[in-house]
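Residue strings, one per chain:
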Amino acid sequence: MLSLRLARGARPLALLRRSLVATAAAGTGFLLLCAMGYATGHPDQTDGAVVRLLWCAVPLAATAQLAIAVARADPSVPFGAGFAAAGGGPARSALLAGASAALSCALGCALALLVFLQLRGDLSGSWLRWADAPGAAAGGPLGAGHPLPAAATVTLLAVVPAVAAAACAARLWPRGAQRARGARTGGALTGGRTRPRSTERVPRGAEPPELAARGLPWGIALTAAGIAMGAYTSNTDSGPPPPSDALLPLPGGLGGSPPGVVGGWALTAVGLVLAGPGLTHLCGRLLAAGRPGALRLLAGRVLQQEAGRLGHSVGVLCAVATGAYAAVELYGTGSGPSGHRPFGPLTGLGAALIVMCATASVLTAALEAKSARGGTTDALLRLGTPPRLLRGAAALRGLALLVLLTPLTWAVAELSTLPFHR
């Protein structure tokens, strides 16, 4: 009930962010339902159905990342004294953020179910040619003409809200100093006379600046291990050309999608996400190195301070860009190694969903960082700092991240796809 009331009283920007979460959840739920529809329409092709279901884990992870970014930037779940005096605190705020994310995702999944049933023709006939073309009842991507098991439908649709809620609650759960700070702000409950010491909004789920760079060595190690694993698997799993009906036929004589190659790509993506805060902090240190002027010093220090907030979202965007570059590199001609087009409408939907979630996560994290340093910005303006200097520092931070991460992303993508060109 509190989540519903907070949603009703939210600002337009907060409602826009939650609508993005609902849209991402709708896309992910639709892909899950399509995988189940394919399984019901092709009961003899269990391997293809399982692989399609496993590939849905990528947009599911992207949706959870977007839900975390939106929950961290949501101003309606504060850590202030008022919420603590009402019996809340950092832990209950994290649970409330998870409930809000689950509510948005449940709304999106309900919309996905309606669209899926409409496209299958279960409601009033499908209006998409590829969904109910002749023979679609026996071999279409939605499994039209076959009944859907109600328990499996509800279970699949419940996965998206459950994963998003668990991810938000785990990411925003108080740790150490936040728990102690929450206990201090609830001092008004002890005797009714003690006033809270602080009413400022504490950033939630953000790593301290001094800890942001600790994940860089581990991220580099995981990325290198993923690239090596993909290269080794591509040499040992080579075989005949993939069949024309393979889900994701890989060039270079690889049949279908070898688990080792997919596992190597997953390790590479996790390594980039883990190295994101460290790379952002390193970029800030390079900006402020030497004897910087006011512009470089301000841009570098702010980038180091915000590395914990921006880093993971930037790492996710780098991983998505690496995957997109690899897909274009492998299938740049528009046809797979068997002469057919490997990308269909569902693949395009999944790719667009992942790119949308990664981009929205970065923009949301940037807005959160800007809101968090609002007091510092006001103080600088009161001291006579030209607004042009602040805008120039923001542009310099974006340019520095682009200059550092673009060649790194290109190098990782090239190394990941290099074994398939031999």
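Residues numbered from 1 in each chain as written. Predicted model: local features only at pLDDT ≥ 70, side-chain atom pairs only at ≥ 80, totals over all residues. Heavy atoms only, no water.

This next bit is on the pattern of salt bridges. Under the criterion given, the structure shown has three salt bridges. Here E368 ties to R309 by a salt bridge, and the two come within 4.0 Å at their closest N and O atoms. One end of the pair, E368, is in helix α15 (residues 345-372); the other, R309, is in helix α14 (residues 307-330), and 59 residues separate them in sequence. The pair E368 / R309 is uniform in exposure class, with both members buried. Connected through salt bridges with shared partners, the residues R72, E306, R309 and E368 form a single ionic network. (Salt bridge = Lys/Arg side-chain N within 4 Å of Asp/Glu carboxyl O. Helix = DSSP H or I, 4+ residues; strand = E, 2+ residues; numbered from the N terminus. Buried < 20%, exposed > 50% of the residue type's maximum accessible area, 1.4 Å probe, protein only.)

Turning our attention to the state of the cysteines. Under the counting rule described, the total for this entry stands at zero disulfides. Here C357 is not cross-linked by a disulfide; its sulfur's nearest cysteine counterpart is in C105, at 9.7 Å. Using a relative accessible area of 1% as the deciding quantity, one classes C357 as buried. (Disulfide = S-S within 2.5 Å.)

One finds F30, L66 and V160 to be the most contacted residues of the largest nonpolar core, which totals 43 residues. Elements with a contribution of two residues or more to this core: α2 (12-41), α4 (57-73), α6 (90-120), α8 (150-172), α14 and α15. Grouped together as the second largest cluster of nonpolar side chains are 16 residues, L216, A393, A400 and L405 included. (Core = buried A, V, L, I, M, F, W, Y, C linked by side-chain atoms within 4.5 Å.)

Glancing now at α15. Taking 1.5 Å of rise per residue, 28 residues should cover 40 Å, and α15 covers 40 Å from first to last C-alpha, within 8% of that figure. Taken as a whole, α15 has its buried residues at G350, L353, I354, C357, A358, A360, S361, V362, T364, A365, E368 and A369. Looking at the packing, one finds that the buried side of α15 touches α2, α4 and α14. (Expected span 1.5 Å × (residues − 1). Contact = heavy atoms within 4.5 Å.)

Here α2 crosses α4 at 165 degrees, and the two axes come no closer than 9 Å. Here α2 is positioned roughly antiparallel relative to α4, judged by the angle of their axes. The handedness of the crossing between α2 and α4 is left-handed. Contact residues: R17, R18, L20, V21, A24, A25, T28 and L31 in α2; P59, L60, T63, L66, A67, V70 and A73 in α4. Among the residues making up the contact of α2 with α4, the classes are represented as eleven nonpolar, two polar and two charged. (Axes fitted to C-alpha atoms, helices over the stretch in contact; angles between N-to-C directions. Parallel < 35°, antiparallel > 145°, perpendicular 65-115°, else oblique. Left-handed = near helix turned anticlockwise from the far one by under 90°. Nonpolar A, V, L, I, M, F, W, Y, C, P; charged D, E, K, R; others polar.)

Looking at the chain as a whole, the pLDDT averages 77, with 71% of positions reaching at least 70. Across the chain, the element-wise mean pLDDT spans from 40 in helix α10 (residues 188-191) up to 91 in helix α17 (residues 387-417). For residues 132-139, every residue scores under 50 in pLDDT, and the model assigns this stretch eleven contacts once sequence neighbours within four places are set aside. Long-range and interchain partners of residues 333-340, a stretch whose pLDDT sits below 50, account for 17 contacts in this model, where long-range means more than four residues apart. (pLDDT = per-residue confidence, 0-100.)

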